[in-house]
Amino acid sequence: MANWTFLTNHALVLLCIADDPEARLRDIAASLKMTERSAFGIVTDLVEAGYVVKEKDGRRNRYHIQAHLPLPDPAGRERTVGEILALLVGTGPNGADPNGAAPNGAGPGSTGPGGAGPGGAGPAGPAGGTGPAGGTG
């Protein structure tokens, strides 16, 4: 069996965040078979780059993917993060599920999941399009 994957750890963490809005860092780390410290570092990278916005929710952190942003590599500048997430999780255009329902906050100029998060479009999550979340570091 191969020891490599097509997606980077950053992309895998972004997929975890898009998939489970209640995931904590330890949940992300366990699902990807990495340390919590590695998951924290990757989430920090994504937050500092502006692809994820961190919001305090009580004692936990909630993360909102900025799906409208272009990919960071030059070859992918024509595509947004949301378009790639939609492709990887099997949703339709603009993050809509295959039945045509738009996810929370997926429209251009919306403000995060359900329109409640700060800046940018919400995540292109799986059917239903729930937004991202993470735990405390």
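On a predicted model such as this, the values are computed, not experimentally measured, just so you know.

As for the pairing of strand E1 (residues 52-57)
In the sheet, E1 pairs with strand E2 (residues 60-65) via 6 bridges, with the strands oriented antiparallel. Across the sheet, the residue bridging to Val53 is His64, located in E2. Following E1, the chain reverses through 2 residues before pairing antiparallel with E2; Gly58 in that reversal takes a positive phi of roughly 70 degrees.

Overview of the pattern of salt bridges
With the rule as written, the count across this model stands at 3 salt bridges. Note that Asp57 and Arg62 form a salt bridge whose closest N and O atoms lie 2.8 Å from each other. For Arg62, a relative accessible area of 19% corresponds to the buried category.

Topic: the side chain of His64
You can see His64 is positioned in strand E2. Among the polar contacts listed, one links the side chain of His64 to the side chain of Glu55, at a separation of 2.7 Å.

Points about the packing of aromatic side chains
One pass over the full model with this rule turns up 1 aromatic pair. Taking the centre distance of 5.0 Å and the plane angle of 80 degrees together, the rings of Trp4 and Phe6 count as edge-to-face.

Observations concerning helix H4 (residues 81-89)
Taken together, the buried positions of H4 are occupied by Val81, Gly82, Leu85 and Ala86. End-on view of H4: buried residues confined to an arc of 135 degrees, all on one side of the axis. On the buried face of H4, the contacting elements are helix H1 (9-19) and E2.

Observations concerning H1
Among all positions in H1, only Val13, Leu14, Leu15, Cys16, Ile17 and Ala18 are buried. Looking at the buried positions of H1, the neighbouring elements they touch are helix H2 (25-32), helix H3 (36-48), E1, E2 and H4.

Section: the nonpolar core
Val13, Ile28 and Ile65 are the most contacted members of the largest nonpolar core, which has 22 residues in total. For this core, the secondary structure elements donating two or more residues are H1, H2, H3, E2 and H4. The dominant element in this core, judged by the number of residues it contributes, is H1, at 6 residues. Not counting the four nearest positions on each side in its chain, Val13 is found in contact with Ile28, Leu32, Met34, Ile42, Val43 and Leu46.

Re the environment of Arg62
Looking at the secondary structure, you find Arg62 in strand E2. With 45 residues separating them along the chain, Arg62 and Ile17 place their C-alpha atoms 9.3 Å apart. A polar contact of 2.8 Å, which involves the side chain of Arg62, links it to the side chain of Asp57.

Remarks on unusual backbone geometry
Its identity as a non-glycine residue notwithstanding, Lys33 has a phi of 55 degrees, on the positive side. By the secondary structure assignment, Lys33 is in the loop between H2 and H3.

Digging into the packing of H1 against H4
Contact pair H1 / H4: the axes reach a minimum separation of 11 Å and the direction vectors enclose 80 degrees. For the element pair H1 / H4, the angle class is roughly perpendicular. The segment H1 lies against H4, with Leu14, Leu15 and Ala18 engaging Val81, Leu85, Leu88 and Val89.

Conventions adopted
Residues numbered from 1 in each chain as written. Predicted model: local features only at pLDDT ≥ 70, side-chain atom pairs only at ≥ 80, totals over all residues. Heavy atoms only, no water. Pairing = 2+ DSSP bridges. Helix = DSSP H or I, 4+ residues; strand = E, 2+ residues; numbered from the N terminus. Salt bridge = Lys/Arg side-chain N within 4 Å of Asp/Glu carboxyl O. Buried < 20%, exposed > 50% of the residue type's maximum accessible area, 1.4 Å probe, protein only. Polar contact = N/O pair within 3.5 Å; in protein donor to acceptor, adjacent residues only side chain to side chain. Phe/Tyr/Trp six-rings, centres within 6.5 Å; stacked < 30°, edge-to-face > 60°. Arc of directions from axis to C-beta. Contact = heavy atoms within 4.5 Å. Core = buried A, V, L, I, M, F, W, Y, C linked by side-chain atoms within 4.5 Å. Axes fitted to C-alpha atoms, helices over the stretch in contact; angles between N-to-C directions. Parallel < 35°, antiparallel > 145°, perpendicular 65-115°, else oblique.

What is shown is where atoms sit, not what they do.
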